[in-house]
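# Overview (structure and organization)
Spelled out from the first residue to the last, the chains are:
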Amino acid sequence: MRDFVVQKFHHFEGGDFVPGESLKEAITIFFAWAVPAFLFVLWVNRFYPEVEFYQAAIREGIGPNLWNAIGAFGMFSFAVAVMLPQFSTPTLVSRQILSNTYAIGCLTFGLLLGQWFTLLSTDSLIWWQRGLFGITSGVILIVVFLLNLFVWYLSFLLKDDAGKKSVFLRRMEQLYWLFRIPLSLSFAALMIVIFLSER
């Protein structure tokens, strides 16, 4: 069985899954969205903490519902693009949704980081509370960052730097459909379960 599976997937190479230079794009997008959001939170809490409009905007930006909904749909569209790699439309749709989801996630991360710095410096917390809060929330921030980066990674798998069909997708196109479709359906089913669990 193992030899059979290896034979069917032997045309994939490790480089097909490595972002390489494309990672610069993810870093640029991250800083373009996260840094202004972070500075906005610091500015609001320093100069206008009593303005409810600003505080409401921060709360709504941090809320995960938008990211969860769009992200689940983006991952579902990724499964469709992998299932039908010979068609360009599913790939284009999935790439755009995933890219936008990543940008929204970067914005949310910047807001979260700003709130984290603000709450960490609260005088009402004693030293051990600050330490506990800093460690636990720091771990959560790392998990949030990695989850959002995974969304970008899925979009990377669909297109190369020139905007053409990626090597990964061309390899999927060569994969026998009896393997490609179950893999895609399993991924899509997982995304539906995750989405429904967020309701």
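These lines cover the structure that appears in this document, whether it is placed above or below. This one's a predicted model, so the numbers in the text were calculated from it and none came from an experiment.

### Focus: a nonpolar patch on the surface
A contiguous nonpolar patch, built from Leu 23, Ile 27, Phe 31, Val 35, Leu 39, Leu 42 and Phe 117 and spanning about 590 Å² of accessible area, is present on the exposed surface. The dominant element in the nonpolar patch, judged by the number of residues it contributes, is helix α2 (residues 23-47), at six residues. In this structure, Leu 39 sits in helix α2. By relative accessible area, which is 48% here, Leu 39 ends up partly exposed.

### With respect to the packing of α2 against helix α3 (residues 52-62)
Two elements in contact, α2 and α3, have axes separated by 10 Å at closest approach and are oriented at 145°. Classified by chirality, the crossing of α3 by α2 is left-handed. When α2 is examined against α3, the residues Phe 40, Val 41, Trp 43, Val 44 and Asn 45 are found in contact with a partner set consisting of Tyr 54, Gln 55 and Ile 58. The residue inventory of the contact of α2 with α3, partitioned by class, reads six nonpolar, two polar and no charged.

### Things to note about the environment of Phe 150
Locating Phe 150 in the fold gives a position in helix α6 (residues 127-158). The class for Phe 150 is partly exposed, based on a relative accessible area of 35%. Placed 52 residues apart in sequence, Phe 150 and Leu 98 show a C-alpha to C-alpha distance of 9.7 Å.

### Things to note about the pattern of salt bridges
Opposite charge on two side chains permits pairing when their charged atoms draw close. Taken as a whole, this structure holds two salt bridges when the rule is applied. For Glu 25, the salt bridge is made with Arg 95, and the minimal N-O distance between the two is 3.8 Å. Note that Glu 25 is positioned in helix α2 and Arg 95 in helix α5 (residues 88-120), a separation of 70 residues in sequence. Arg 95 sits in the buried class, given a relative accessible area of 14%. Of the charged contacts, one joins Arg 59 and Glu 52 as a salt bridge, the two residues approaching to 2.5 Å between their closest N and O atoms.

### So, the environment of Gly 114
Structurally, the position occupied by Gly 114 is in helix α5. Classification of Gly 114 by relative accessible area gives buried; the value is 0%. In this structure the C-alpha to C-alpha distance between Gly 114 and Val 44, which are 70 residues apart in sequence, comes to 10.0 Å.

How each quantity is defined
- Residues numbered from 1 in each chain as written.
- Predicted model: local features only at pLDDT ≥ 70, side-chain atom pairs only at ≥ 80, totals over all residues.
- Heavy atoms only, no water.
- Patch = residues over 30% accessible without salt bridge, like charges linked within 9 Å, V, L, I, M, F, W, Y side chains within 5 Å.
- Areas by Shrake-Rupley, 256 points an atom, 1.4 Å probe, with all protein chains shown as cover.
- Salt bridge = Lys/Arg side-chain N within 4 Å of Asp/Glu carboxyl O.
- Helix = DSSP H or I, 4+ residues; strand = E, 2+ residues; numbered from the N terminus.
- Buried < 20%, exposed > 50% of the residue type's maximum accessible area, 1.4 Å probe, protein only.
- Axes fitted to C-alpha atoms, helices over the stretch in contact; angles between N-to-C directions.
- Left-handed = near helix turned anticlockwise from the far one by under 90°.
- Contact = heavy atoms within 4.5 Å.
- Nonpolar A, V, L, I, M, F, W, Y, C, P; charged D, E, K, R; others polar.

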